[in-house]
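# Reading the structure
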Number of protein chains: 2
Amino acid sequence: MTSPFDLILRNVAKHISLDEKEVASFTTLLQKVTVSKKDILLRQGDVCKYIYFVNSGALRAYYVDKHDKETTIMFGVADWWITDMYSFLNQQSALMNLEALESSEVLELSKVDLDKLYVEVPKFERFFRMIIQNAYVREQVRVIQSLSMTAEERYTIFIQKYPQIVQRVTQKQIASYLGITPEFLSTIRARKP
Amino acid sequence: MTSPFDLILRNVAKHISLDEKEVASFTTLLQKVTVSKKDILLRQGDVCKYIYFVNSGALRAYYVDKHDKETTIMFGVADWWITDMYSFLNQQSALMNLEALESSEVLELSKVDLDKLYVEVPKFERFFRMIIQNAYVREQVRVIQSLSMTAEERYTIFIQKYPQIVQRVTQKQIASYLGITPEFLSTIRARKP
DNA sequence: CGTCTATTTGAATGTACTCAAAAGCGGTGG
DNA sequence: CCACCGCTTTTGAGTACATTCAAATAGACG
């Protein structure tokens, strides 16, 4: 009953309905991959060949600038899709690194296979449109927040919105998601309770 | 030869090919609307019923916080799509205002009609997936920049990337896009060459 | 246990904001 | 057509938010 595809099929079913044949077309394209803590799934500058669906564990996408400063772009936990969308779509150099924060199980779907899937089962155009629409709205809200709120307000919202992530990642990583230094996050936390 | 649909059809043709019948199905759903400077197409808190394609002129989407501070979310000039995606998709209260910066001509496409169009001409699933993918990538890059760069660096990138917008909007609006005060933008500009 | 990294704390500094006031600019009406 | 009004832009002083650097403490992991 617990196949590695259970979670992803429920995820897909939130937006489109598939018959058995379509389920088969889809799942044959998925490759189950197990990664250990600190494993890198994608390196900044490389071309991103896969989009990943997280079955279990936790991933982090982050950007490293010329001063070696890290900015966390997103976290991925169970039931989330994650990739470097720019690199994946355009097959250009990746803007970000993708690493496992703990031992994780992911399903990878290659660009080539996804392009085939769009032709074979056009419903997936709709599915990924939905997924990306939601991701776009989240990023837009994040832009608004990062431009209009103080770090303290952004931290408060983050811990309310993503309690399941807070438990699993370090403060340093949260700080880099908020765009502040770990030292400053520490002082924010000190003056809260 | 210059119908109000020329530009939008060329925009669509970048991603999908339509036969004559499909062109007709599409264009009948589009309503040409002319707006004057300062007209509001969408008010924060209202439900956004349309997605807009800009034929000419310039629009601005902005968020106003509880302290009446404005943050510009995006500008829309000719050949751009613009809407409050969150409100449009979910038919919930809009996060942002949408106003004309100058007298402009837009084509509006309603949520209801777009949902019909997806059924009648499923290629549009692909088209809007493409449009939104690109918008998502742009927002992600903007998040990275707003979190990892100084205001001066962001300003330099903005004027390089969007010279056609710089010409048409005030510094106050650019400042609110960068998430800084107009006073500070002025000092940044003063110390450049 | 020892080592390595994360977190905390504090002092000095830099980036960006607030408030205020003056100067510039554009549209509008007389 | 020009004078005025309102808004934008500039400039400056004082302040707040957040960083850097340094050092001490606490945790995690082999």
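A brief look at the structure comes next. Note that the structure is predicted; figures quoted are calculated from it, not measured.

This part covers the overall build of chain A. Tallying secondary structure elements over chain A gives 9 helices and 8 strands in all. Against the 2.2 N^0.38 benchmark of 16 Å for 193 residues, chain A shows a C-alpha radius of gyration of 18 Å, consistent with a compact globule. Principal-axis analysis of the C-alpha atoms places the extent of chain A at approximately 55 × 35 × 30 Å. Classification of the 193 residues of chain A by burial places 35% in the buried group. Within chain A, contacts between residues at least 6 apart in sequence are counted, and of these 71% link residues at least 24 apart.

This part takes up the relation of the copies chain A and chain B. Turning chain A through 180° and shifting it by 0.0 Å along the axis lays it on chain B, with an RMSD of 0.0 Å. Here the transformation between the copies is reduced to the relation of a two-fold axis. By residue overlap, the copies meet face to face through one surface: 100% of the interface positions of chain A are interface positions in chain B.

Moving on to the protein's contact with DNA strand C. Lining the immediate environment of DNA strand C, one finds 16 residues, of which Gln171, Lys172 and Ser186 of chain A together with Ile180 and Phe184 of chain B sit closest. Of all the secondary-structure elements, those providing two or more residues to the surface near DNA strand C are helix H8 (171–178) and helix H9 (182–190) of chain A together with helix H6 (151–161) and helix H9 (182–190) of chain B. Residue classes in the surface near DNA strand C are distributed as 5 nonpolar, 6 polar and 5 charged.

If you look at the biggest cluster of nonpolar residues, it comprises 86 residues, and the most contacted ones within it are Tyr52 and Tyr136 of chain A together with Tyr52 and Tyr136 of chain B. Those residues in contact with Tyr52 of chain A that lie beyond four places of it in its chain are Leu41, Ile82, Thr83, Val106, Leu107 and Glu108 of chain A.

Before going further, it helps to spend a moment on the interface of chain A and chain B. Between chain A and chain B, the contact holds 27 residues from the first and 27 residues from the second. Top element by residues in the side of chain A that touches chain B is helix H5 (residues 123–148) of chain A. It accounts for 17 residues. Here the side of chain A that touches chain B is built from residues that sort into 14 nonpolar, 6 polar and 7 charged.

What is expected of a backbone is that most residues other than glycine have negative phi and most peptide bonds are trans. Residue and element names in this part refer to chain A. Positive phi is not limited to glycine here, since Asp68 has a value of about 65°. Counting through the fold element by element, Asp68 comes out in the loop between strand S4 (58–64) and strand S5 (70–77). For Asp68, a count of 6 C-beta atoms within 10 Å puts it in the exposed group. With a phi angle near 80°, Asp79 is a residue other than glycine that sits in the positive phi range. By secondary structure assignment, the location of Asp79 is in the loop between S5 and strand S6 (81–82).

Let us look at the pairing of strand S8 (residues 104–110) of chain B. Residue and element names in this part refer to chain B. Sheet topology places strand S1 (residues 31–35) next to S8; 5 bridges connect them, and they run antiparallel. Within the sheet, the bridge partner assigned to Gln31 lies in S8 and is Glu108. Looking at chain direction, strand S3 (residues 50–56) and S8 are connected through 6 bridges and run antiparallel. The residue bridging Phe53 from the neighbouring strand is Leu107, located in S8.

The next subject is the protein's contact with DNA strand D. Lining the immediate environment of DNA strand D, one finds 16 residues, of which Phe184 of chain A together with Thr170, Gln171, Lys172 and Ser186 of chain B sit closest. Of all the secondary structure elements, the ones that give two or more residues to the surface near DNA strand D are helix H6 (151–161) and H9 of chain A together with helix H8 (171–178) and H9 of chain B. Ranked by residue count, the leading element in the surface near DNA strand D is H9 of chain B, at 6 residues. For the surface near DNA strand D, the per-class residue count stands at 5 nonpolar, 6 polar and 5 charged.

Another point: the sheet that holds S3 of chain B. Residues and elements named next belong to chain B. Spatially, S1-S8-S3-S6 is the arrangement adopted by the 4 strands of the open sheet, whose pairing is antiparallel. At either margin of the open sheet sits one strand with a lone partner, and together these are S1 and strand S6 (81–82). Helix H4 (residues 111–120) contacts S3 and S8 of the sheet and is inclined by roughly 60° relative to S8.

Here the focus is the packing of H6 of chain B against H9 of chain B. Packed helix pairs are specified by the crossing angle of their axes together with the interaxial distance, meaning the distance between the axes. Residues and elements named next belong to chain B. Between H6 and H9, whose axes approach to 10 Å, the crossing angle comes to 75°. Between H6 and H9, the crossing angle belongs to the class labelled roughly perpendicular. On H9, the residues that touch Ala151, Glu152 and Tyr155 of H6 are Phe184, Leu185 and Ile188. Here the contact of H6 with H9 is composed, by residue class, of 5 nonpolar, no polar and 1 charged.

Here the focus is the environment of Val12 of chain A. All names here are of chain A. Along the chain, the position of Val12 falls in helix H1 (residues 6–13). The class for Val12 is buried, based on 21 C-beta atoms found within 10 Å. Sequence-wise, Val12 and Gln92 are 80 residues apart; in three dimensions their C-alpha atoms are separated by 27 Å. Beyond its immediate chain neighbours, meaning those up to four positions away, Val12 contacts Leu18 and Phe127.

Residues and elements named next belong to chain A. Burial within S4 is extensive, with 5 of its 7 residues counted as buried. Bridging between S4 and S5 involves 7 bridges; their strand directions are antiparallel. Residue pairing in the sheet places Ala58 in a bridge with Val77 of S5. In this structure, the hairpin formed by S4 and S5 is closed by a connection of 5 residues, where Asp68 is found at a positive phi of approximately 65°. Note: S4 against strand S7 (residues 97–100), 4 bridges, orientation antiparallel. Residue pairing in the sheet places Leu59 in a bridge with Ala100 of S7.

Rules used throughout
- Residues numbered from 1 in each chain as written.
- Chains lettered and ligands numbered in written order.
- Predicted model: local features only at pLDDT ≥ 70, side-chain atom pairs only at ≥ 80, totals over all residues.
- Helix = DSSP H or I, 4+ residues; strand = E, 2+ residues; numbered from the N terminus.
- Rg over C-alpha atoms; globule rule 2.2 N^0.38 Å.
- Buried ≥ 20, exposed ≤ 12 C-beta atoms within 10 Å, placed from the backbone.
- Contact = placed C-beta atoms within 7 Å.
- Least-squares fit on C-alpha atoms with pLDDT ≥ 70 in both.
- Near = placed C-beta within 6 Å.
- Nonpolar A, V, L, I, M, F, W, Y, C, P; charged D, E, K, R; others polar.
- Core = buried A, V, L, I, M, F, W, Y, C linked by C-beta atoms within 7 Å.
- Pairing = 2+ DSSP bridges.
- Axes fitted to C-alpha atoms, helices over the stretch in contact; angles between N-to-C directions.
- Parallel < 35°, antiparallel > 145°, perpendicular 65-115°, else oblique.

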